[in-house]
Amino acid sequence: LTFILSYKNSRQTFQMGVSHCLLMRKNYLQVKDLNELDYKVYSQSGEDGIIDYLLHMLNIKKPKFIEIGIGNYYESNTRFFFERTSCKGLVIDIIKDFEKEVGKNVNLWKGDLKIVEKEINSENILSTLKEKGFYESIDLFSIDIDGVDYWVLNELPNEFSKIIVAEYNSYFGDKLMVSVPNIKGFQRKKYHYSHLCFGSSIRALTNLLDRKGYVFLGSNLLRTNAFFVLKKFKNKINLDFPDLNHLGQHVDSHVRESRDKKGELNFLAGKDRIKEIENSEVIDLSNSETKLVKIKDIY
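Quantities reported herein were computed from a predicted structural model and do not represent experimental measurements. (Residues numbered from 1 in each chain as written. Predicted model: local features only at pLDDT ≥ 70, side-chain atom pairs only at ≥ 80, totals over all residues. Heavy atoms only, no water.)

1. What about the overall build of the protein chain?
As a reminder, the rule being used: Strands are runs of DSSP state E lasting at least 2 residues, helices are runs of H or I lasting at least 4, and numbering of each runs from the N terminus. When we talk radius of gyration, it's over C-alpha atoms, and the globule rule is simply 2.2 Å times the number of residues to the 0.38. The cut-offs for exposure are 20% and 50% of the maximum accessible area for each residue type, with area from a 1.4 Å probe on protein chains only; residues under the lower value are buried, those over the upper are exposed, and the others partly exposed. By the convention used here, residues are in contact when the closest approach between their heavy atoms is within 4.5 Å. Accessible surface is estimated by sampling points in the Shrake-Rupley manner with a 1.4 Å probe; for residues, cover comes only from the protein chains shown. In this tally, Lys and Arg are treated as positive and Asp and Glu as negative; His is ignored, and so are the chain termini. The atom standing in for a charge is NZ when the residue is Lys, CZ when it is Arg, CG when it is Asp and CD when it is Glu.
Check the secondary structure of the protein chain and you find 10 helices and 10 strands. A compact globule built from 299 residues should have a C-alpha radius of gyration of about 19 Å, and the protein chain, at 19 Å, falls within 12% of that. Taken along its principal axes, the extent of the C-alpha atoms in the protein chain is 50 × 45 × 40 Å. Evaluated residue by residue, the protein chain yields a buried proportion of 52% over its 299 residues. Considering only contacts in the protein chain between residues 6 or more positions apart, those separated by 24 or more positions represent 67%. As displayed, the protein chain has an accessible area near 14,400 Å², and 48% of this comes from carbon and sulfur atoms. Looking at the protein chain, you have 44 positive and 41 negative side-chain charges, and the mean spots of the two groups are 3 Å apart.

This is the structure in structure tokens:
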């Protein structure tokens, strides 16, 4: 009975998502701000609505996608589009019995979904993509591994995918150009008990992808994911593009997910979050001489 109810609720969620996107498409040419598109179907927050807009504006019917860091695929940035278009995708995560867990949430026969149980880092990202046949003609690339995301993206070739969705750490603020060190096996909860020191700042991320041929479009309302398209497709996007010199609105996050030393949620907010991790070490990317520094020395 539980399975039947869960299945029915999932189908209802899917159909409501399809209906919403079809309705929104009538207004896509009038949309100027990415946050007007924020809508959740199977994503963690509003990524589904934003991605649908980008795929539609770039006239991508069946996206060939890569998503790294999806959990069991219950919530992810590509599940909605896999189920909707029966497309081709590659999903990667390190959870145990990964393929079995993914199979609990989607019908694997409905599309060509390659499932890889592996810890991705800067050393194996390219070889993994080449081995699985996902090194070329990528429409959508999404990464959310709560750690060395910056260093993985740094290894990708210029103009690797038409669309990139990448997690960033809003707690670092809009001024710092930093990332956690490129540590193999990086674990957010082990690097600092608060879980607040992970990933890279929004400024570091936008700077990196600007060099790789992308234009920054904005972030989701939760202020966790940034969205990019290739600069050569900029004229297909009808939005008002953010000013890279003023990124403050993309770090105004009110998420309170911090933990104390016992692992309990302590709901830190505002500047208390950066204060909690001020002695943590990050890589300063503000110049060519990248070096390890404590946050309190540069914040």
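From this point on, the discussion continues.
2. Regarding the side chain of Ser 200
Structurally, Ser 200 can be placed in the loop between helix H7 (188-191) and helix H8 (202-211). With near-sequence residues (within four places) excluded, Ser 200 lies in contact with Tyr 150, Tyr 168, Asn 169, Phe 172, Val 178, Ser 179 and Leu 205.

3. Comments concerning the packing of aromatic side chains
Defined as follows: Only centres within 6.5 Å qualify two rings of Phe, Tyr or Trp (six-membered ring in Trp) as a pair; their planes then separate them into stacked at under 30 degrees, edge-to-face at over 60, and tilted for everything else. Lysine and arginine charges are scored as sitting over a ring when NZ or CZ, respectively, is within 6 Å of the ring centre and within 35 degrees of the ring normal.
Taken as a whole, this structure holds 9 aromatic pairs when the rule is applied. Between Tyr 171 and Phe 198, the ring centres sit 6.4 Å apart and the planes meet at 80 degrees, which makes this aromatic pair edge-to-face. In this pair, Tyr 171 sits in the loop between strand E5 (161-167) and strand E6 (178-179) while Phe 198 sits in the loop between H7 and H8, placing the two residues 27 residues apart along the sequence. By the burial criterion, Tyr 171 is buried, and Phe 198 matches it. By way of ring pairs, the aromatic residues Phe 14, Phe 80 and Phe 81 are connected into one cluster. One residue, Lys 88, lies across the ring of Phe 134, its end atom 5.7 Å from the ring centre.

4. Points about the state of the cysteines
For clarity, the threshold we go by: Note on terminology: pairs of cysteine sulfur atoms within 2.5 Å are recorded as disulfides.
Applying the stated criterion across every chain yields a total of 0 disulfides. Cys 21 provides the cysteine sulfur closest to Cys 87, a residue in no disulfide bond, and the two sulfurs are 14 Å apart.

5. Overview of the sheet that holds E6
Condition: Strands were regarded as paired on the criterion that DSSP finds at least two bridges between them.
Spatial strand order, E6-E9-E10: 3 strands in an open sheet with antiparallel pairing. With partners counted over all chains shown, the strands left at the sheet margins are E6 and strand E10 (291-294), one partner each. Looking at chain direction, strand E9 (residues 281-284) and E10 are connected through 4 bridges and run antiparallel. In the sheet register, Ile 283 faces E10, and the bridge partner there is Leu 292.

6. Remarks on the layout of surface pockets
Empty space left among the atoms is revealed by rolling a probe the size of a water molecule over them. For clarity, the threshold we go by: Put simply, the grid is 1 Å and covers the protein atoms alone, a cavity is a trapped set of points that fit a 1.4 Å probe, a pocket is an open set with protein on both sides within 12 Å along at least five of seven lines, and lining residues have an atom within 4 Å of a point. Grid points are joined across faces, edges and corners, and a volume is the space filled by probe spheres set on the points. Side-chain classes are defined by residue name, with Ala, Val, Leu, Ile, Met, Phe, Trp, Tyr, Cys and Pro counting as nonpolar, Asp, Glu, Lys and Arg as charged, and the others, Gly among them, as polar.
Reported here for the largest pocket is a volume of approximately 960 Å³. Lining of the largest pocket is provided by 43 residues; of these, Gly 69, Asp 144, Ile 145, Asp 146 and Glu 167 occupy positions nearest its centre. Breaking the lining of the largest pocket down by element, the ones donating at least two residues are strand E1 (65-68), strand E2 (88-93) and H7. In the lining of the largest pocket, the residues fall into 14 nonpolar, 15 polar and 14 charged.

7. Points about the environment of Asp 272
Here Asp 272 shows up in helix H9 (residues 271-276). Spatially, the C-alpha atom of Asp 272 lies 10.0 Å from that of Ser 258, the residues being 14 residues apart in sequence.

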